[in-house]
Structures are given as C-alpha cells and as structure tokens.
Amino acid sequence: MMVKPTVSDLLKNVDNRFELVVATAKRARQLSKGDKALVDNEEASTVTLAADEIAAGKVTVAEEQSEVEENVEEDNVEE
C-alpha cells in the first residue's frame with residue numbers, strides 16, 4: 001500500500017522530519033478540537049488531513065516559534 005502524501009513530498013514544505021512530526025501533530029490536534037479542514041477529504045483521519053494540508057502548502061511551520069500557522073491567502077479562504 002502506498003501512503004500519500006509521501007514523507008519526501010512533505011519534506012519539500014518542512015525543513016526536517018522533526019518539524020514535520022511536530023507540525024503534523026499540532027495541526028491534527030487543532031482539527032480534532034474543531035478547526036475547519038483546509039483540504040477536502042471528509043473520510044480522512046485528523047493526522048491524514050494535517051499531512052494533506054502540509055503537502056498542499058495550506059499549513060506552514062513558523063521557524064522561530066515552531067508553531068503551526070495557517071497560510072491564509074485570500075484565494076484559499078472559503079466562506
């Protein structure tokens with residue numbers, strides 16, 4: 001079974017594996033607490049959604065604070 005997105009795909013948007021794990025976990029927690037998903041995949045787990053968002057560039061990692069921040073662009077905002 002092939003897992004998508006791959007770790008190598010995710011590392012294009014994050015500097016290293018540690019930051020990837022931390023960012024994915026933080027975003028998954030945000031999603032489980034009720035934050036709206038930034039990608040369409042209703043049947044996915046929160047971890048999968050978080051990884052999909054990182055791969056799509058919708059979530060970024062702030063280097064100084066190591067916190068997950070949403071990349072809010074006007075064309076990505078759905079109302």
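For the structure itself, consult the block above.
Note that the structure is a prediction, hence the values are computed from the model and not measured.

*Asks:* Got a minute to help me understand the pattern of salt bridges in this structure?
*Replies:* Side chains that differ in charge, positive against negative, can pair when their charged atoms come close. On inspection of all chains with the given rule, the structure shows 3 salt bridges. Measuring nitrogen to oxygen at the nearest pair gives 2.5 Å for the salt bridge that ties Arg27 to Glu53. Of this pair, Arg27 sits in helix H2 (residues 17–32) while Glu53 sits in helix H3 (residues 46–55); the two residues are 26 residues apart in sequence, bridging distant segments of the chain. A residue is classified by how much of its surface remains accessible, and Glu53, at 0% relative accessible area, is buried. What you see here is one network of salt bridges that share partners, running through Arg27, Asp35 and Glu53.

*Asks:* Explain H2 here, please?
*Replies:* For H2, built from 16 residues, the straight-helix expectation of 22 Å at 1.5 Å per residue is met to within 8% by its first-to-last C-alpha distance of 22 Å. Listed in full, the buried residues belonging to H2 are Glu19, Leu20, Ala23, Thr24, Arg27, Ala28 and Leu31. Angular distribution of buried residues about the axis of H2 spans 155°; they occupy a single face of the element. Exposed residues on H2 whose side chains face more than 90 degrees from its buried face are Phe18, Val21 and Ser32. Note on H2: the residue one or two positions beyond its end, Gly34, has a positive phi of about 115°.

*Asks:* Whenever I open this one, the nonpolar core confuses me. Can you help?
*Replies:* Grouped together as the largest cluster of nonpolar side chains are 8 residues: Leu10, Val14, Leu20, Ala23, Ala51, Ile54, Val59 and Val61. Aside from chain neighbours lying at most four places away, what touches Leu10 is Pro5, Leu20, Ala51, Ile54 and Ala55.

*Asks:* Help me understand the packing of H2 against H3 in this model?
*Replies:* Angle between the axes and distance between the axes: these two values describe a pair of packed helices. Between H2 and H3, the shortest axis-to-axis distance is 8 Å and the interhelical angle comes to 120°. Here H2 lies oblique to H3, going by the angle between them. Judged by the sense of rotation from one axis to the other, the crossing of H2 with H3 is right-handed. Note on element contacts: H3 touches H2 through Thr46, Val47, Leu49, Ala50, Ala51, Glu53 and Ile54, opposite Leu20, Ala23, Thr24, Arg27, Ala28, Leu31 and Ser32. Tallied by class, residues from the contact of H2 with H3 come to 9 nonpolar, 3 polar and 2 charged.

Cut-offs and rules
Residues numbered from 1 in each chain as written. Predicted model: local features only at pLDDT ≥ 70, side-chain atom pairs only at ≥ 80, totals over all residues. Heavy atoms only, no water. Salt bridge = Lys/Arg side-chain N within 4 Å of Asp/Glu carboxyl O. Helix = DSSP H or I, 4+ residues; strand = E, 2+ residues; numbered from the N terminus. Buried < 20%, exposed > 50% of the residue type's maximum accessible area, 1.4 Å probe, protein only. Expected span 1.5 Å × (residues − 1). Arc of directions from axis to C-beta. Core = buried A, V, L, I, M, F, W, Y, C linked by side-chain atoms within 4.5 Å. Contact = heavy atoms within 4.5 Å. Axes fitted to C-alpha atoms, helices over the stretch in contact; angles between N-to-C directions. Parallel < 35°, antiparallel > 145°, perpendicular 65-115°, else oblique. Left-handed = near helix turned anticlockwise from the far one by under 90°. Nonpolar A, V, L, I, M, F, W, Y, C, P; charged D, E, K, R; others polar.

Remember that the coordinates give geometry; whether it matters functionally is a separate question.
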